[in-house]
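Letter by letter, the chains look like this.
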Amino acid sequence: MTEDQAYILDEFIKAVEDERPDAIIIAGDLYDRAVPPTEAVNLLDDVLGHLVLTLNTPVIAIAGNHDSPSRLNFASSIMEAKGYHVTGQLSESMEPVILNDEYGEVHFHLVPYADPSQIRQLTGDDEVRSHNDAMAKITTLIKEKMDPNARHVFVGHAFVTPHGEAKENTSESERTLSVGGAEHVSSEHFSGFHYTALGHLHQAHLVKHDAIRYAGSPLKYSSSEETHKKGFFAVELDASGEVTSEKRFLTPRRDLRILTGSLDELLEKEPSEDYVFVHLTDDTPVLSPMEKIRSVFPNALHVQREMKSMPHASLTPASTKERHQMDHLSLFKGFYQEVKGKELTGRAEDIFKELLEEFTREEREQ
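Residues numbered from 1 in each chain as written. Predicted model: local features only at pLDDT ≥ 70, side-chain atom pairs only at ≥ 80, totals over all residues. Heavy atoms only, no water.

Looking at an unreviewed UniProt entry, one finds the protein chain named Nuclease SbcCD subunit D and attributed to Salisediminibacterium beveridgei. Under the Subunit (unreviewed entry) heading, UniProt states for the protein chain: "Heterodimer of SbcC and SbcD." (UniProt positions renumbered as here; feature names shortened; annotations may be inferred.)

Listed below in structure tokens is the structure:
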């Protein structure tokens, strides 16, 4: 999707040219894997170069759980002098990045993704066992050294919920941060910060209140994100640190949609370059469905036939028999009901009986 990402990032650059922000925050997952493809590295290099060097806009970034911390951390001190402030690995000092606006200093506290074991080793606190424990420890240490005269922005990459309660991911593209469900972090840890910019979850949303937000991903990366409205947040801090934010939407080169219908219905639709996931509702199997769908939707990603499961209420004693004890007609009736969600009756049953009799007769004559 390099072309699609280049397109959406070009839209973002144009927005930066119009908005002229004091800083841009990227809250993790600059890449989708630890060793990204060359074209992805080149694209990010071009975008950051334009933002930092051409537009003179500071960029503040951290590593996410998809990134390689050491790779992002490389030459970070050199790049900082030019306005690119990236933290791949959390240091013991946890010193903030300090920028100035018309009201004074704003301290950005950069906390990249890290496993609880890494935080336990870094802080020497053996009580850190979960992601919530780790965030509680980190925020406590940061707050102990915070300048009361400055405004403070926390930048983190975690699965944050209002009180640390478990919730479902917002996308199938999000990797689980912890085995066993201990990945959730309470938003209460960020009470001492004027604004908290979060990464990891792909759907843009606030957590508990307006000052704790996920910007979401700039593009849809799975069918589970079909209804997401992608973009970025324009956030303003006043002199006292009060926050106002506004969502800015980005229009992709190609949308991502889920289409449901029979093959004939879908083939009559307006041709589109969008990425589509197709659910076919045809009663009978379709020959070469992807080839036919791509004649209208050339970027179709997946085609599947909707399978109706058999309602539990319709189970009969015959359906619980061992298969080897069932005759051909009973077996086919069970199969038909499981696939179609209804009983085999009427003309359809008569046709099967006729075919079965014909097959049995031919088998006897051989």
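Further notes follow.
Student: Before we move on, could you go through the packing of helix α1 (residues 2-19) against helix α2 (residues 38-54) and cite the residues and values that matter?
Tutor: To describe two helices that pack against each other, one gives the angle between their axes and the distance between the axes. The interhelical angle for the contact between α1 and α2, taken along N-to-C directions, is 5 degrees, at an axis separation of 11 Å. Looking at the two axes, α1 sits roughly parallel to α2. Contacts from T2, Q5, A6, L9, F12, I13, V16 and E17 of α1 reach α2 at E39, L43, V47, H50 and L51. Within the contact of α1 with α2, the residues separate by chemical class into eight nonpolar, three polar and two charged. (Axes fitted to C-alpha atoms, helices over the stretch in contact; angles between N-to-C directions. Helix = DSSP H or I, 4+ residues; strand = E, 2+ residues; numbered from the N terminus. Parallel < 35°, antiparallel > 145°, perpendicular 65-115°, else oblique. Contact = heavy atoms within 4.5 Å. Nonpolar A, V, L, I, M, F, W, Y, C, P; charged D, E, K, R; others polar.)

Student: Give me the lowdown on the domain arrangement of the protein chain, citing residues and values where you can.
Tutor: Here the protein chain is described as being made up of domain 1 (1-249), domain 2 (256-305) and domain 3 (328-365). The C-alpha-based centres of domain 2 and domain 3 are spaced at 30 Å. (Domains from an automatic or database assignment.)

Student: So what's going on with the sheet that holds strand β3 (residues 84-87)? Residues and values would help.
Tutor: Here three strands make up an open sheet; going across it, the order is β1-β2-β3 and the pairing parallel. Looking at strand neighbours, the two that pair on one side only are β1 (24-26) and β3, the edges of this open sheet. Neighbour-to-neighbour, the strand axes of this sheet turn through a mean angle of 10 degrees, independent of strand direction. Where strand β2 (residues 59-62) and β3 come together, four bridges link them in parallel fashion. Bridging across to β3, I60 finds its partner in H85. In the packing of α2 onto the sheet, contacts are made with β1, β2 and β3, and the angle to β2 comes to roughly 140 degrees. (Pairing = 2+ DSSP bridges.)

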